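Structural description and commentary
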Amino acid sequence: MLYPETNEKRSVISLDGVWSFCLDDGSNGGNINSGFIERNGEMIAVPASYNDQKDDLRFREHCGWAYYSRRFTVPEIYGNERLVLRFDAVTHYAKVYIDGKLVCEHKGGFLPFEIELDGIVTAGKKSLLQVAVNNEVNHSTLPVGNEEGTAFFGSDNAGVPSVEMAKVWRKKRNLPNFDFFNYAGINRSVRIYTTPKDHIDDITIVPDVKGKDGIVRYSVSVSGCSDAVVTILDRDGNEVARASGLEGEIVIKDAKLWNPYPGDPYLYTALVTTESDKYSLRFGIRTVRVEGNRFLINGKPFFFKGFGKHEDSAVHGRGFDLAYDVKDMSLIKWMNANSFRTSHYPYAEEMYDLADEEGIVIIDETPAVGIGAGASQDPYRTFNIREHHEAVIRDLVARDKNHPSVVMWSMANEPDTEHFPLSAREYWTSLYAFTHAQDPQDRPVTFVCCQNNYEADLSTREMDVVCINRYYGWYNLSGDMEAACYAWNIELDFWQKINKPLIITEYGADTLPGFHLTAPEMFSEEFQVMYYDLINREFDKRDFVIGEHPWNFADFNTIQGVYRADGNRKGLLTRDRRPKMAAHYFRKRWAEIPSFGYKK
Ligand code: GCB
């Protein structure tokens, strides 16, 4: 799927701004025709989550439908163009109405969807756009919500069996099976873009390297056009190669490769023109391959220094904020990191563009978090998620396939692979094959495992790279770093025998900025530094540990509960991006660890 672009042939009309908004009172079920929206509308900013924009628990805790509404007019000059309405992300379920007519439904809160406006909107005439948004999470959504009445970190069932408690709860509530706030609404931009009637639908680029040359296999899908010319421009805009045809192979002599930070992330532009349309796509030439227990980028062993992140900031919630994205990129480089995982959902497209530009490597994750955790029945047989999971992977790859920064797909975070190991293995290995088949670049595929009983888990070892989240010294063996390091070594001995590359995708300790101790104990800044320093020394002894991603880049908001004071505090930075001592610690450590060749 192409990102909207303005050029000689195309233009973009932003529908971001202040919309009218209201929460459902439980009586409308996502339908917009009762006059309810007109009677109850109040101002809300788009894009942004609605939860923290008002000073009222009803917005924060809302569960169910909410309604957005605004009017728009497409300028008359676009009367002969194809018009497409694009939502970059609506969380988690959207019903889109134009002039009272349902024109689209979309499930999944983190990927774009589009509506062709031909026959629906007339240029020069005012239209009413209304969006019903549902934020419910359950056993058929990704991320997964709990249906049995137990909140992940909730404490409101004090001593009462949760199933009993659920009966007396008066209001409907979400019980997320994940540790980040269930921010909802129109979280990313809304636009109408124009293209000529005969137009380019999609472009796929598959780069390779042969000796000193770059090889670019491409394909262009079109509607109404019969041919395409692809011109490759270098960074300065000079033509370096050209081909014609809807698919083909282009050789770029003495190509400059896209290299991760602090190397040069060289980007070329593929300028695609047809008889009527034009689109320019930036891409990089690089290779990605797993070999033995190495992860090779451009044929050299790469070491992942970076983070699990979140899209999370005050007021905006999970709403798109370009300034935060730019700032985060700056901080990633300031800490001498080279990578991050889009934990626990696909991020805004703009972030991937920045990563391409800065040479920051991405592990691209779906929103499949919490599958089965704590479930009493086999989730792979009882949850209705497979079809949706495949749709999300298909759309994720279609959206992000051309980004050089994306080097691996993560199908999920922390599914249960331990209690129903055989059906888990069947689910994950078949989805692994499905994901590989979707990707024209055939990047490595994984999911992130958290099972304490890692020997019982038969799925993680089947992935291209083993990714594990572990909290020895925090949730278990709390504060006892000697025991934590011992436990780490027992586990690393196990993975060593599996003989695959391993990335520690999460480890960390909640830390209150400004809380200092001379003898480091939990929650102090000194403890966080000691925790990482001691554990990292163990990782350094193991060649197959090819990456360390402390959890988390920054403090973030989550569901309230006894484990969480003002959110999850495991950030190396505070939520407003100020460094804790551990940020300085990693900045120094990673200055001495090269992106390539750290582990031979
Ligand atoms: C995990 C989860 C992450 C949580 C983290 C924690 O394993 O993947 O979403 O936030 O632990 O801090 O508990």
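Here, the structure is the one placed above.
This section reports on the structure supplied with the text. (Residues numbered from 1 in each chain as written. Predicted model: local features only at pLDDT ≥ 70, side-chain atom pairs only at ≥ 80, totals over all residues. Heavy atoms only, no water.)

1. Overview of the overall build of the protein chain
Counting its regular elements, the protein chain contains 11 helices and 30 strands. Radius of gyration (C-alpha) of the protein chain: 24 Å, near the 25 Å computed for a compact globule of 600 residues. Taken along its principal axes, the extent of the C-alpha atoms in the protein chain is 70 × 70 × 45 Å. With 600 residues in all, the protein chain has 60% of them scored as buried. For the protein chain, the exposed area adds up to about 23100 Å²; of that, 49% sits on carbon and sulfur atoms. Between the mean site of the 68 positive side-chain charges and the mean site of the 87 negative ones, the protein chain shows a separation of 1 Å. (Helix = DSSP H or I, 4+ residues; strand = E, 2+ residues; numbered from the N terminus. Rg over C-alpha atoms; globule rule 2.2 N^0.38 Å. Buried < 20%, exposed > 50% of the residue type's maximum accessible area, 1.4 Å probe, protein only. Areas by Shrake-Rupley, 256 points an atom, 1.4 Å probe, with all protein chains shown as cover. Lys, Arg positive; Asp, Glu negative; His and termini not counted. Charge placed at Lys NZ, Arg CZ, Asp CG, Glu CD.)

2. Topic: the site of the ligand
The environment of the ligand is formed by 13 residues, the closest being Asp179, His344, Glu414, Tyr475 and Lys570. Here glutamate 414 contributes a side-chain N or O atom positioned 2.2 Å from an oxygen atom of the ligand. Protein burial of the ligand: of its 320 Å² of free accessible surface, 92% is covered by the chains. When its residues are assigned to classes, the shell around the ligand shows 4 nonpolar, 4 polar and 5 charged. (Near = heavy atom within 4 Å. Polar contact = N/O pair within 3.5 Å; in protein donor to acceptor, adjacent residues only side chain to side chain. Nonpolar A, V, L, I, M, F, W, Y, C, P; charged D, E, K, R; others polar.)

3. Details of the packing of aromatic side chains
The full count for this structure, using the stated rule, is 43 aromatic pairs. Summarising the aromatic geometry, the rings of tryptophan 428 and phenylalanine 447 are spaced 4.9 Å apart at their centres and angled 25° between planes, so their arrangement reads as stacked. Here phenylalanine 447 lies in strand β27 (residues 445-449) and tryptophan 428 lies in helix α8 (residues 421-438), a separation of 19 residues in the sequence. Judged by its relative accessible area of 0%, tryptophan 428 is buried. Centroid distance tryptophan 474 to phenylalanine 527: 6.3 Å. Interplanar angle 45°. Geometry classified as tilted. Here tryptophan 474, found in the loop between β28 (466-469) and α9 (481-498), pairs with phenylalanine 527, found in helix α10 (residues 525-540); they are 53 residues apart in sequence, far enough to count as distant. The same class applies to tryptophan 474 and to phenylalanine 527, which are both buried. Taking the ring centre of phenylalanine 181 as reference, the NZ or CZ of arginine 60 above it sits at 3.8 Å. One cation-aromatic arrangement involves arginine 386 over tyrosine 427; the distance from NZ or CZ to the ring centre is 4.9 Å. (Phe/Tyr/Trp six-rings, centres within 6.5 Å; stacked < 30°, edge-to-face > 60°. Lys NZ or Arg CZ within 6 Å of the ring centre and 35° of its normal.)

4. Details of the packing of helix α4 (residues 322-334) against helix α5 (residues 349-358)
Put simply, α4 and α5 touch, their axes get as near as 10 Å, and they point 30° apart. Seen along the crossing, α4 lies across α5 with a hand that is right-handed. Contact with α4, carried on its side by Leu322, Asp325, Val326, Asp328, Met329 and Lys333, involves Glu350, Met351, Leu354, Ala355 and Glu358 of α5 and no other residues of that element. For the contact of α4 with α5, the per-class residue count stands at 6 nonpolar, no polar and 5 charged. (Axes fitted to C-alpha atoms, helices over the stretch in contact; angles between N-to-C directions. Left-handed = near helix turned anticlockwise from the far one by under 90°. Contact = heavy atoms within 4.5 Å.)

5. Here we look at the pattern of salt bridges
If you walk through the whole model with that rule in mind, you get 39 salt bridges. Between arginine 188 and glutamate 311 there is a salt bridge; the shortest N-O distance is 2.9 Å. Highlighted residues: arginine 188 in the loop between β11 (185-186) and β12 (190-195) and glutamate 311 in the loop between β23 (304-308) and α4, separated in sequence by 123 residues. Glutamate 311 shares its class with arginine 188; the two are buried. Look at the salt bridges and you will find they share partners, linking Arg86, Asp88, Glu114, Arg191, Glu349 and Glu350 into a network. (Salt bridge = Lys/Arg side-chain N within 4 Å of Asp/Glu carboxyl O.)

6. Remarks on the sheet that holds strand β9 (residues 113-116)
The sheet built from 4 strands is open, its strands ordered β1-β12-β5-β9 with antiparallel pairing. The sheet terminates laterally at β1 (11-14) and β9, the two strands that pair on one side only. Strand-to-strand twist of the sheet, defined as the mean angle between neighbouring strand axes without regard to direction, takes the value 25°. In the sheet, strand β5 (residues 82-87) pairs with β12 via 6 bridges, with the strands oriented antiparallel. Bridge pairing in β12 links arginine 86 to arginine 191. (Pairing = 2+ DSSP bridges.)

7. Looking at a nonpolar patch on the surface
On the surface, Tyr475, Val562 and Tyr563 cluster together into a nonpolar patch covering about 360 Å² of accessible area. Take tyrosine 563: it is sitting in the loop between β30 (545-548) and α11 (581-591). Looking at tyrosine 563, the relative accessible area reads 51%, which means it is exposed. (Patch = residues over 30% accessible without salt bridge, like charges linked within 9 Å, V, L, I, M, F, W, Y side chains within 5 Å.)

8. Some points on the state of the cysteines
A covalent bond between the sulfur atoms of two cysteines is what we call a disulfide. Overall, the coordinates contain 0 disulfides when judged by the stated rule. Cysteine 449 supplies the cysteine sulfur nearest to cysteine 485, a cysteine that is in no disulfide, at a spacing of 20 Å. By relative accessible area, cysteine 485 is classed as buried at 11%. (Disulfide = S-S within 2.5 Å.)

9. So, the packing of α9 against α10
Packed helices, taken two at a time, are described by their axes: the angle between them and the distance between them. α10 packs onto α9 with a crossing angle of 30° between their chain directions and a minimal axis gap of 10 Å. The orientation of α9 with respect to α10, classified from their angle, is roughly parallel. Crossing geometry of α9 relative to α10 is assigned as right-handed. On α10, the residues that touch Met481, Cys485, Trp488, Asn489 and Leu492 of α9 are Phe527, Met530, Tyr531, Leu534, Ile535, Glu538 and Phe539. Here the contact of α9 with α10 is built from residues that sort into 10 nonpolar, 1 polar and 1 charged. (Parallel < 35°, antiparallel > 145°, perpendicular 65-115°, else oblique.)

10. Describing the environment of threonine 435
With respect to the element layout, threonine 435 can be found in helix α8. Take threonine 435: its relative accessible area is 1%, and that puts it in the buried class. Along the primary structure threonine 435 and serine 11 are separated by 424 residues, whereas in three dimensions their C-alpha atoms are 33 Å apart. Residue contacts for threonine 435: discarding those within four places in its chain leaves Ile393, Trp409, Met411 and Val445.

11. A few points about the sheet that holds strand β21 (residues 294-297)
In a beta sheet, neighbouring strands pair by backbone hydrogen bonds and run either parallel or antiparallel. Pairing is antiparallel in the open sheet, where 3 strands are placed in the order β20-β21-β22. Two strands in the sheet have a free side with no partner beyond their single neighbour: β20 (288-291) and β22 (300-301). Here β21 pairs with β22 via 2 bridges, running antiparallel. Among the inter-strand pairings, leucine 296 is bridged to a residue of β22, identified as proline 301.

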